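What follows is the residue order along each chain.
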Amino acid sequence: MSTTTLDDFCRHLMDDGSPRGRLQPGDVAREFVHFFGLSPFPRFDELTAVLGKAGIRIVVCPDVPGGLRGYHTGTNSGNYEIRIDDSEWDGAQEHTVLHETYEIVRERVRDLYSHVGTLGGRRLCSLADRFAAAVLMQPYCFSLFAQTSGLDVIALQKEYGRAYSSVTLRLAEVVRDQPLMAILYERGEIAEHDFRTTATVASFRASVVARTPGFGVRHCRPLCGTRGGMPRWGTRLPPGSLAEGVALTGRPGLAEVEPPSGDAAVAARPVYWHGQLVKIVVVAVPYRDRSVIWRQFADPSFDSARRMAVAEGPW
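This is a predicted model, so every value here is computed, not measured. (Residues numbered from 1 in each chain as written. Predicted model: local features only at pLDDT ≥ 70, side-chain atom pairs only at ≥ 80, totals over all residues. Heavy atoms only, no water.)

So, on to the layout of surface pockets. The probe, sized like a water molecule, is rolled over the atoms to show the empty space still left. Roughly 970 Å³ of volume is contained in the largest pocket. Taken together, 30 residues line the largest pocket, and the ones lying closest to its centre are His95, Cys125, Asp129, Ser165 and Ser166. Of all the secondary-structure elements, those providing two or more residues to the lining of the largest pocket are β2 (70-74), α5 (90-112), α6 (121-136), α9 (164-174) and β5 (204-211). With 7 residues, the single largest contributor to the lining of the largest pocket is α5. Taken together, the residues of the lining of the largest pocket break down into 11 nonpolar, 9 polar and 10 charged. (1 Å grid on protein atoms, 1.4 Å probe; cavity = no way out; pocket = protein on both sides within 12 Å on 5 of 7 lines; lining within 4 Å. Points joined across faces, edges and corners; volume = space filled by probe spheres on them. Helix = DSSP H or I, 4+ residues; strand = E, 2+ residues; numbered from the N terminus. Nonpolar A, V, L, I, M, F, W, Y, C, P; charged D, E, K, R; others polar.)

Only one face of strand β6 (residues 253-257) is buried: it carries Gly253, Ala255 and Val257, and the other face, with Leu254 and Glu256, is open. With 5 bridges joining them, β6 and strand β7 (residues 264-273) adopt antiparallel strand pairing. Looking at β7, one finds that Val257 is bridged to Ala264. (Buried < 20%, exposed > 50% of the residue type's maximum accessible area, 1.4 Å probe, protein only. Pairing = 2+ DSSP bridges.)

Counting 38 residues, the largest nonpolar core has Phe9, Phe32, Ile56, Ile58, Leu98, Phe131 and Val135 as the members making the most contacts within it. Elements supplying a minimum of two residues to this core: α1 (6-14), α3 (25-36), α4 (44-54), β1 (56-61), β3 (80-85), α5 and α6. With 8 residues, α6 is the largest single contributor of residues to this core. (Core = buried A, V, L, I, M, F, W, Y, C linked by side-chain atoms within 4.5 Å.)

This next bit is on the sheet that holds strand β8 (residues 276-285). The strand order across the open sheet formed by 5 strands is β5-β4-β8-β7-β6, and the pairing between neighbours is antiparallel. Only two strands of the sheet have a single partner each, and these edge strands are β5 and β6. Direction aside, neighbouring strands of the sheet carry axes that sit 15° apart on average. In terms of strand pairing, strand β4 (residues 181-187) meets β8 through 6 bridges, oriented antiparallel. What sits directly across from Tyr185, in β8, is Ile280. (Axes fitted to C-alpha atoms, helices over the stretch in contact; angles between N-to-C directions.)

All right, on to the side chain of His95 then. Here His95 shows up in helix α5. Excluding its chain neighbours within four sequence positions, the residues that come into contact with His95 are Asp129, Ala132, Ala133, Leu136 and Ser166. (Contact = heavy atoms within 4.5 Å.)

Let's shift gears to the packing of aromatic side chains. If you walk through the whole model with that rule in mind, you get 11 aromatic pairs. Measuring from centroid to centroid gives 5.4 Å for Phe9 and Phe36, while their planes differ by 45°, and the two rings are tilted. Of the two residues, Phe9 sits in helix α1 while Phe36 sits in helix α3, which places them 27 residues apart along the sequence. Between Phe35 and Phe36, the aromatic rings sit 5.0 Å apart at their centres with planes inclined by 80°, giving edge-to-face as the arrangement. Like Phe35, the residue Phe36 is buried in the burial classification. Site record: aromatic cluster; members linked through ring pairs are Phe9, Phe32, Phe35, Phe36, Tyr102 and Phe131. (Phe/Tyr/Trp six-rings, centres within 6.5 Å; stacked < 30°, edge-to-face > 60°.)

Taken as a whole and judged by the stated rule, the model has 15 salt bridges. A salt bridge links Asp152 to Arg269; the nearest nitrogen and oxygen atoms lie 2.9 Å apart. On the criterion of sequence distance, the pair formed by Asp152 in the loop between α7 (139-149) and α8 (153-160) and Arg269 in strand β7 is long-range, its members being 117 residues apart. With a relative accessible area of 17%, Arg269 lands in the buried category. In this structure, Glu173 and Arg170 form a salt bridge, with 3.0 Å as the shortest nitrogen-oxygen distance. Of the two residues, Glu173 and Arg170 both sit in helix α9, 3 residues apart, roughly one turn of that helix. Judged by relative accessible area, which is 7%, Arg170 ranks as buried. Via salt bridges that share partners, Asp7, Arg108, Arg110 and Asp111 belong to a single interconnected network. (Salt bridge = Lys/Arg side-chain N within 4 Å of Asp/Glu carboxyl O.)

Across the interface, α1 lies against α3 with an axial gap of 11 Å and an inter-helix angle of 130°. Considering the angle they form, α1 stands oblique to α3. The handedness of the crossing between α1 and α3 is right-handed. Residues Asp8, Phe9, His12 and Leu13 of α1 form the contact with α3, whose participating residues are Val28, Glu31, Phe32, Phe35 and Phe36. (Parallel < 35°, antiparallel > 145°, perpendicular 65-115°, else oblique. Left-handed = near helix turned anticlockwise from the far one by under 90°.)

Here you go:
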């Protein structure tokens, strides 16, 4: 394609389909990758070059205000500038660049098409995060790695270098043919000065709870604990659950419950930082699919999956 400006892309998005549908994060991400010719595994230098040609300048600097990871502004030339905090690690900077890019696209579409409504606040941030994750963890490649690893969020995080929360959400978005539930429990005080104190069960809350439409079980003790009920965002570790066992022992666990008692196979894995337990990742599938998550307890090799993904190209 000969033209690759931001406005060209926005007009491309609105050429067909309804405005509401075409601006969903997954749709915009797919079109963004194809329109700008991104690779299956885009990194900061590639994003900077592509966006620079489109009229969006990336500036890494130490003066990002208000504790933000980044922000964007218009310029006198009519283009945009995204300023990124230089203290952020590479994966966070790449995510922030794409987060701000989605917000810019929404702004330009609104300016070009008066009938398109305005979004703001948490809703816009959530959509921007999903767009960034979709560009950085493209579905074809991500699905290959997920299958190879046995739906292992920790292995996927190491491969992609993304936040655990993004990987956990992406797993349920991409792997649609496999019923599953993915939960990320995080220690609440990891940013405070007393981080070196030992974590307790009460320190953890569910920061991500994601599942496919085909998964549902409310009375499986390894997943739901002794009280039953599906885990929800913001809740503590369910008493008697496999995740609580990981918090108490620091060791991974695998449990299987046959129907009608629970119908689930559950894997729970600890994540350590500076020797301290900071996260617990839980992935559950129906009992009949239990062999899928057995692969989590092997050492996955992504070499063949990466070669296949690169050969096939993006998306």
